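Structural description and commentary
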Amino acid sequence: MSDSNIITPKLQLVAWEITRGCNLFCAHCRAASDGTHYSGELTSGECFKVVDQIAELGKPILILSGGEPLVRHDVYEIGRYAVAKGLRVVMGSNGTLITAEVAAHLKEIPLSRISVSLDFPTPELQDKFRGQKGAYEAAIAGIANARKAGIEIQINSTITKLNVGYLNDLLALAQSVGACAFHPFLLVPTGRGKGLESVALSPQEYEKTLNWIYDRKKELGEAIFFKPTCSPHFLRVTKQREKEERLSGMTVKPGAAMGHPGGHHGGHPGGHPGMESITRGCLAGTGFAFISHRGDVQGCGYFNVSAGNVRGKSFVDIWNNSSLFNSLRDLDNYKGKCGICEYRKICGGCRARAYEETGDYLEGEPYCVYEPAASRQAESGRDAKGDSHSLGTNDVDKKLLNLIQSEFPLVREPYHALGEKLGVSEDEVISRIKELKAKGFVRQISPVFDPRRLGYRSTLVAMKAPASRLEQAEQTLIDHPGVSHGYERNHKFNLWFTLAIPPAGDIAEELRKLSDSTGVETALALPATRLFKIGTYFSSDNEGMGSAAMQFDGALPVEAVLSDLDKKVVNGLQQDLPLVREPFGMIARRLGISDGELIAQCRSLLERGVIRRFSASINHRRIGYTANAMTCWDVPPGKVDEAGKKIAALREVSHCYERKTDGSWPYNLFAMIHARDEEMCRKIADTASRETGLSNYVALFSTKEFKKMRIKYPV
Ligand code: SF4
Ligand code: SF4
């Protein structure tokens, strides 16, 4: 451990859920408030004691939040007490209870700022989202009352797919109501916000939004303080953009400050004097703490792990000594890509999202698309220090790679089961997989879903992109949530990718939009009409492709009937399997079912073909399969069945489909060949040609893999 990787804690912000009660029923609420009274809330006396303890640690900003803090009877007293102790007090509210009288009481505290949540720019949309008719007008009236009383206003918006298109309107609204700050808060799917998970921005959309914010922020200058909250990698985006601008000779202003987390109603009071100088993304446990209505202290309100409770311990003791906070302060503890990222000191990734997604709050941030330099080097076979990686003669790693690709155990303790097969301990299996991930061999372990069985429409797409447009086109495809695999290939149709869109979507329309935004000359949709083989298993010990590949008789899968439990499990399993002893138990708890139910349902989905396989996705280039040829055959209609089955039987063929043709694309049978070099791929194609008697084919080699990921299919 190096000292420079330890962050010295300095308490700058405390968000305090002084009540969980609320008068609204918002979809995204971390507090999951149901409007009722909550038992066990800290009493007034306990609150004063907590304020005393906070003040012992300095003069952080205290955010009174909820629920809705204004439903608590002693809110003014607590505020006044904190101010008397030298704290700067702000409030996160839904704004609907701020009458002129309430505003006058708040001013008397005196409250420095009030942040009000507005997620939509119109009354209809906002009321629907907030679960109460008139909520928008009441919030606007509350804002006006607070302003009249002389209290600063900040607007917070929870951003999802539902309102990302309204960001400009929300910004304009914030300016029109006289707010001094506007903080888009990028959804953290916990509490009642879990229900919004299906409309959370994809990591690509998230990245795009952060870049958009960077641009708008620059245009706005001092007009309004504008920054995203709880998107730690905005700091990374800022650094990257500033670097690009410096290289292109543009004048760059010093970096943008980050937003920070509070309670649910905009305990995000960034932009407050003193806040602008904060230069780290996630402050949980290093500069920020959250206190729940029952006194649990957490890294933030979205990060549901307790560092201790103020009823049993002093806040000072919890802040200084809790193992949770101390683990967050040591960057050497961070795992996954955040653990090796060159931006981890200024960013750190969202610990709440990591916890929600993997059960381990030290894991990589799941909503960040950035590939740290160290992992890019690992992909090309070199680590950050320049050491090349290879499996060498490590038989355990080789066997482990083969096992997790082909027969990942669907049992309560899968790593224990793998260890038994390999003759090593469960802990060793877990640490070997971690290492294989860090070195770029394993991408993730998860189910591979059949999009057709889930009702999605999918197709292979071929594009002809002029060299001048290639990079832009690839970026557009990287950003598209429905593109899973994308390659440049050595052909006049130089961009090839798979596209899947939700059941209600229209492939032709989506392709038209993609053609417009990529600026390509031609885009062909080549959907499958028959399926002969799918499945990829790359042996790590020179034995070629393995038995995990599945063969079919040609019929395409059709949409499956899914029960509510099926849907819950499908949605819950679309993540990298946590590297903990009982990974299914961890996911099951989040879904509110038992691990036995989850595993049984998972097996049932496998049997029904909804899950094609449950396995590790590996980087086949890293284990030596550096060449892949997409062979495309012109087969007379009456011979497709026979040829498809023969070609699919070759072990080096991972996928084999019949596809629609087009005037400019006569080839109807596609077979993907993987081998250790191009010459070997050609030999295998020759074998296929000999065995089928077909000679009219082309072999398109991939020259660049610009995207490869298991995409999410929410159902
Ligand atoms: S990988 Fe982690 S530390 Fe690096 S930019 Fe992304 S979220 Fe931040
Ligand atoms: S863990 Fe950090 S970035 Fe994530 S919600 Fe909490 S404070 Fe924000």
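Residues numbered from 1 in each chain as written. Chains lettered and ligands numbered in written order. Predicted model: local features only at pLDDT ≥ 70, side-chain atom pairs only at ≥ 80, totals over all residues.

The secondary structure content of the chain amounts to 23 helices and 22 strands. The buried share of the chain, reckoned over its 715 residues, is 46%. (Helix = DSSP H or I, 4+ residues; strand = E, 2+ residues; numbered from the N terminus. Buried ≥ 20, exposed ≤ 12 C-beta atoms within 10 Å, placed from the backbone.)

Okay, the pairing of strand β18 (residues 611-618) next. Counting buried residues along β18, six of its eight residues qualify, which places the element largely inside the surrounding structure. With seven bridges connecting them, strand β11 (residues 442-449) and β18 associate as antiparallel partners. Pairing of V442 across the sheet is with I618, part of β18. (Pairing = 2+ DSSP bridges.)

This next bit is on helix α16 (residues 426-438). Think of an α-helix as turning once every 3.6 residues; residues three or four places apart then point the same way. With 13 residues, α16 should reach 18 Å at 1.5 Å per residue; the first-to-last C-alpha distance of 19 Å fits that figure. Listed as buried for α16 are V429, R432, I433, L436 and K437. Take α16 and look down its axis: the buried residues cluster within an arc of 140°, on one side only. Where α16 is buried, its residues touch α14 (395-406), α15 (414-422) and β11. Positive backbone phi, at 85°, marks G440, one or two positions downstream of α16. (Expected span 1.5 Å × (residues − 1). Arc of directions from axis to C-beta. Contact = placed C-beta atoms within 7 Å.)

Quick look at the nonpolar core now. Residues V14, L62, I63, L64, I114 and A146 are the most contacted members of the largest nonpolar core, which totals 99 residues. Ranked by residue count, the leading element in this core is helix α5 (residues 135-148), at six residues. In contact with L62, not counting residues within four places along its chain, are V14, W16, I54, A82, L87, R88 and V89. Ranked by size, the runner-up nonpolar core spans 80 residues in total, among them L514, C632, W633 and F670. (Core = buried A, V, L, I, M, F, W, Y, C linked by C-beta atoms within 7 Å.)

Before going further, it helps to spend a moment on the pairing of strand β6 (residues 181-186). Among the six residues in β6, six count as buried, and that is most of the element. Residues A181, H183 and F185 point to one face of β6 and F182, P184 and L186 to the other, with burial holding for every one of them. In this structure, strand β5 (residues 152-159) lies alongside β6, joined through six bridges in parallel fashion. Residue pairing for β6: I159 is matched across the bridge by L186. One crossover worth recording links β5 to the parallel β6 by way of helix α6 (residues 167-176), and it is right-handed. (Right-handed = clockwise from strand over helix to strand, strands pointing away.)

So, about the sheet that holds strand β2 (residues 61-65). One open sheet accounts for 10 strands, arranged β7-β6-β5-β4-β3-β2-β1-β8-β9-β10; its pairing is mixed. What marks the edges here is a single partner per strand, and that holds for β7 (225-226) and β10 (308-309). With two bridges connecting them, β6 and β7 associate as parallel partners. Considered in β7, the bridge of F182 is made with F226.

This brings us to the packing of helix α20 (residues 583-591) against helix α21 (residues 595-607). As a packed pair, α20 and α21 sit with axes 8 Å apart at the nearest point and diverge in direction by 100°. Put simply, α20 runs roughly perpendicular to α21. Across from F584, G585, I587, A588 and L591 in α20, the residues of α21 making contact are D595, E597, L598 and I599. Its residues assigned to classes, the contact of α20 with α21 comprises six nonpolar, one polar and two charged. (Axes fitted to C-alpha atoms, helices over the stretch in contact; angles between N-to-C directions. Parallel < 35°, antiparallel > 145°, perpendicular 65-115°, else oblique. Nonpolar A, V, L, I, M, F, W, Y, C, P; charged D, E, K, R; others polar.)

Moving on: the environment of F614. Here F614 is to be found in strand β18. A residue is classified by how many C-beta atoms lie within 10 Å of it, and F614, with 21 of them, is buried. Between the C-alpha atom of F614 and that of R603, which follows or precedes it by 11 residues, the distance is 9.4 Å. When neighbours within four sequence positions are excluded, F614 is seen to be in contact with F408, L410, P447, C602 and L606.

Near ligand 1 lie 16 residues; those nearest to it are C338, C341, C347, G349 and C368. Considered class by class, the residues forming the shell around ligand 1 number eight nonpolar, four polar and four charged. (Near = placed C-beta within 6 Å.)

Attention now goes to the packing of helix α3 (residues 100-108) against α5. Close contact between α3 and α5 brings their axes to 8 Å; oriented N to C, the two are set at 45°. One finds that α3 runs oblique with respect to α5. Where α3 crosses over α5, the handedness of that crossing is right-handed. Only N145, A146 and K148 of α5 make contact with α3, whose side of the interface consists of A100, A103 and L106. The residue inventory of the contact of α3 with α5, partitioned by class, reads four nonpolar, one polar and one charged. (Left-handed = near helix turned anticlockwise from the far one by under 90°.)

Put simply, the chain has an average pLDDT of 86, and 88% of its residues get 70 or more. For the stretch residues 254-277, pLDDT sits under 50, and the model shows 106 contacts to residues farther than four places along the chain or on other chains. When the criterion is pLDDT under 50, residues 382-388 qualifies, and its contacts beyond four places in sequence or with other chains add up to 11 contacts. (pLDDT = per-residue confidence, 0-100.)

As for its position among the elements, T19 is in the loop between β1 (13-17) and α1 (44-56). For T19, a count of 25 C-beta atoms within 10 Å puts it in the buried group. The sequence separation of T19 and V75 amounts to 56 residues, and the corresponding C-alpha distance is 9.4 Å. Apart from the residues lying within four places of it in its own chain, the contact partners of T19 are E41, G66, G67, P69, V71, R72 and H293.

With that settled, consider unusual backbone geometry. Cis geometry is found at the peptide bond from I109 to P110, where omega equals -5°. Position of P110 among the secondary structure elements: in the loop between α3 and β4 (113-117). Within the chain, C230 stands out as a residue other than glycine whose phi angle is a positive 55°. Inspection of the secondary structure assignment puts C230 in the loop between β7 and α8 (234-247).

A few words now on the environment of I507. With respect to the helices, strands and loops of the structure, I507 is situated in helix α18 (residues 507-518). A residue is classified by how many C-beta atoms lie within 10 Å of it, and I507, with 17 of them, is partly exposed. Through-space distance from the C-alpha of I507 to that of S458 is 7.6 Å; in sequence the pair is 49 residues apart. Ignoring any residue separated from it by four or fewer positions in sequence, one finds I507 in contact with R457, T459, I501 and A525.

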